[in-house]
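# Structural overview for review
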Amino acid sequence: MFKINENYQKLPGSYLFSTIAKKVSAFTEAHPDKELIRLGIGDVTQPLAPAVIAAMHKAVDEMGDAGTFRGYAPDLGYAFLRDAIAEHDYKLRGCDISPDEIFVSDGAKSDSANIQEIFGQENRIAVCDPVYPVYVDSNVMAGRTGVYDPKKETWSNVIYMPCTMENGFVPEFPRETPDMIYLCLPNNPTGTTITKAQLQEWVDYANKVGAVIIYDGAYEAYISEGDVAHSIYECEGAKACAIELKSFSKNAGFTGVRLGYTVVPKELKCGEASLHQMWARRHGTKFNGAPYIVQRAGEATYSPEGRTQLKEQVAYYMKNAAAIKNGLKDAGYTVFGGVNAPYIWLKTPGKMTSWEFFDYLLENANVVGTPGSGFGPSGEGYFRLTAFGTYENTLAALGRIQKL
Ligand code: MLT
């Protein structure tokens, strides 16, 4: 008789956004007349930039011509895209990352879940709390997290680094020494971030204790303050301890197109073992490359027109963020984030739990958000709204919340 991976049985409930989707569809079935405004999952609403669409059309035509048709993409990504990434995301920022340290993928979600595969089973992970649920769940599936405590909603073998308003949402070095540290900055879900100097301290810490940092920079395009690093490789010593994950979903609206990349520097070693070689081996074995058409779309985001158009899109969403932040403040809410990230993180009013506030907002304002506790126990009493809606819906949602 076959056996299953018992670790899957340990996962409590379903994936956060699937749970929310189920609750929302039950509500719509029961109240078909209510017009919902969805500010829950961080999914974009603006169409792809014209430069991206033009590149995709051109690539589609190439695929229809025997002379320019492409089959399997190179496993690590086409050189035209890796060169553009190395130039714009790294060289122009003073970071020394070469194109062959960049692995193009179908998005940062899969990379953030898969990257743990190249690490030993006995490693202890440290995560910010609250945190993007994929980091912990993927380690649960791999059997690295120990036993779940349903009361505390924590795993025995995970080191949690609470990020709350008391510590300004800045993770503190844990008392126990971790082997793998997940950092998402600017942060999902709190919408806050840390300064470059604070990030440098994390890099120094990781190098000192021999830990690896898995650095999720999916929201980098939303950084508006000058003292915040756009890449962890702006910090000295980061190439010896950090892997960086990047996405085209939030800066270019590729949530439905699917494209991302991971940087594994050649300097990153565990003894003699090169993590770069291991990830290349893994990528080559388990992945056949992001589609040519999509990689051309990615390349177009770095063209002069593409960059201008993307900046406009980011500004559009950040206008929403400012409107939500100011509107909620005016309505008496305590609000964080929204300055370097497209997420607003608010304290739930009164003594409401995160899920109580979710239901309250859904039923009374017909607005969907994300309960903070879904991201970890320290998210209890908080709630996340995304700035990725349309401007009109954002204002309408605010109007409804202000009337509550
Ligand atoms: C979120 O809402 O946290 C994100 O959209 C999830 C994701 O990027 O996968």
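About the criteria used
- Residues numbered from 1 in each chain as written.
- Predicted model: local features only at pLDDT ≥ 70, side-chain atom pairs only at ≥ 80, totals over all residues.
- Heavy atoms only, no water.
- Helix = DSSP H or I, 4+ residues; strand = E, 2+ residues; numbered from the N terminus.
- Expected span 1.5 Å × (residues − 1).
- Buried < 20%, exposed > 50% of the residue type's maximum accessible area, 1.4 Å probe, protein only.
- Contact = heavy atoms within 4.5 Å.
- Near = heavy atom within 4 Å.
- Polar contact = N/O pair within 3.5 Å; in protein donor to acceptor, adjacent residues only side chain to side chain.
- Areas by Shrake-Rupley, 256 points an atom, 1.4 Å probe, with all protein chains shown as cover.
- 1 Å grid on protein atoms, 1.4 Å probe; cavity = no way out; pocket = protein on both sides within 12 Å on 5 of 7 lines; lining within 4 Å.
- Points joined across faces, edges and corners; volume = space filled by probe spheres on them.
- Nonpolar A, V, L, I, M, F, W, Y, C, P; charged D, E, K, R; others polar.
- Domains from an automatic or database assignment.
- Phe/Tyr/Trp six-rings, centres within 6.5 Å; stacked < 30°, edge-to-face > 60°.
- Disulfide = S-S within 2.5 Å.
- Lys, Arg positive; Asp, Glu negative; His and termini not counted.
- Salt bridge = Lys/Arg side-chain N within 4 Å of Asp/Glu carboxyl O.

## So, helix H3 (residues 79–90)
Its 12 residues place the ends of H3 15 Å apart at the C-alpha level, agreeing with the 16 Å of an ideal helix rising 1.5 Å per residue. Counting buried positions over the 12 residues of H3 gives 9, a clear majority of the element. Considered for burial, the residues of H3 that qualify are Phe80, Leu81, Arg82, Ala84, Ile85, Ala86, His88, Asp89 and Tyr90. Taken together, the buried residues of H3 touch strand S2 (102–105), strand S9 (242–247), strand S10 (260–263), helix H9 (292–300) and helix H10 (304–330).

## Considerations on the site of the ligand
If you check the shell around the ligand, you find Phe17, Ile41, Gly42, Lys109, Tyr132, Asn188, Lys250, Tyr343 and Arg384 and nothing else. Between the ligand and Gly42 there is a distance of 2.6 Å, counted from an oxygen atom to a backbone nitrogen or oxygen. A distance of 2.9 Å is found between an oxygen atom of the ligand and a side-chain nitrogen or oxygen belonging to Lys250. When isolated, the ligand has an accessible area of 270 Å², and the protein chains bury 86% of it.

## Quick look at empty space enclosed by the protein
Per the stated rule, a full pass over the model turns up 2 cavities of 30 Å³ or more. Of the volumes computed, that of the largest cavity is approximately 50 Å³. Lining the largest cavity are Cys128, Cys163, Phe169, Pro171, Leu183, Cys184, Leu185, Asn187, Thr190, Thr192 and Thr193. Taken together, the residues of the lining of the largest cavity sort by class into 7 nonpolar, 4 polar and no charged. By volume, the second largest cavity is sized at about 40 Å³. Counted by class, the lining of the second largest cavity contains 8 nonpolar, 2 polar and no charged residues.

## Let's talk about the layout of surface pockets
Approximately 700 Å³ is the volume found for the largest pocket. Looking at the largest pocket, it is lined by 28 residues, and the ones nearest its centre are Pro12, Ser14, Pro133, Asp137 and Gly374. Where the lining of the largest pocket is concerned, the elements lending two or more residues are helix H1 (16–30), helix H4 (108–114) and helix H5 (133–141). When residues of the lining of the largest pocket are assigned to their parent elements, the largest contribution, 7 residues, is made by H5. Residue composition of the lining of the largest pocket, by class: 17 nonpolar, 8 polar and 3 charged. Counting contributing residues, the lining of the largest pocket receives three or more from each of domain 1 (6–47 + 311–402) and domain 2 (53–304). Considered as a void within the structure, the second largest pocket measures approximately 500 Å³ in volume. The wall of the second largest pocket is formed by 21 residues, among which Asp89, Arg93, Glu220, Ala221 and Asn251 lie closest to the centre. Taken together, the elements giving at least two residues each to the lining of the second largest pocket come down to H3, S9 and H10.

## Considering the packing of aromatic side chains
Tallied over the entire structure, the rule returns 29 aromatic pairs. Pairing Phe173 with Tyr205 gives two aromatic rings, centres 4.5 Å apart and planes at 10°, and the pair type is stacked. Here Tyr205 lies in helix H6 (residues 196–209) and Phe173 lies in the loop between strand S6 (158–162) and strand S7 (180–184), a separation of 32 residues in the sequence. With relative accessibility at 38%, the residue Phe173 sits in the partly exposed group. Taking the relative accessible area as the measure of exposure, Tyr205 reaches 9% and is therefore buried. Geometrically, the ring pair formed by Trp345 and Phe375 is edge-to-face, given 6.2 Å between the ring centres and 65° between the ring planes. With a gap of 30 residues between them, Trp345 in strand S14 (residues 343–347) and Phe375 in the loop between strand S16 (370–371) and strand S17 (382–386) connect regions that are remote in the sequence.

## Some words on the state of the cysteines
Summed over all chains, the structure comprises 0 disulfides. This cysteine, Cys241, is not joined by any disulfide, and Cys235 carries the nearest cysteine sulfur, 8.8 Å off. Residue class for Cys241 comes out buried when judged on its relative accessible area of 2%. Take Cys270: it sits in no disulfide, and the sulfur closest to it among the cysteines is that of Cys241, at 13 Å.

## Quick notes on the environment of Asp111
If you trace the backbone, Asp111 turns up in helix H4. Placed 136 residues apart in sequence, Asp111 and Ser247 show a C-alpha to C-alpha distance of 9.7 Å. If we skip the residues at most four places from it in the chain, Asp111 touches Ser105, Leu245, Tyr261, Thr262 and Trp279. A polar atom in the side chain of Asp111 sits 2.6 Å from the side chain of Thr262.

## Thoughts on the side chain of Asp89
For Asp89, the location among the structural elements is in helix H3. Salt bridges are absent for the buried Asp89, whose nearest opposite-charge side chain, Lys246, sits at 4.2 Å. At 2.7 Å, the side chain of Asp89 forms a polar contact with the side chain of Tyr302. Sequence-distant contacts of Asp89, that is, excluding residues within four places in its chain, are made with Ala84, Lys246, Tyr261 and Tyr302.

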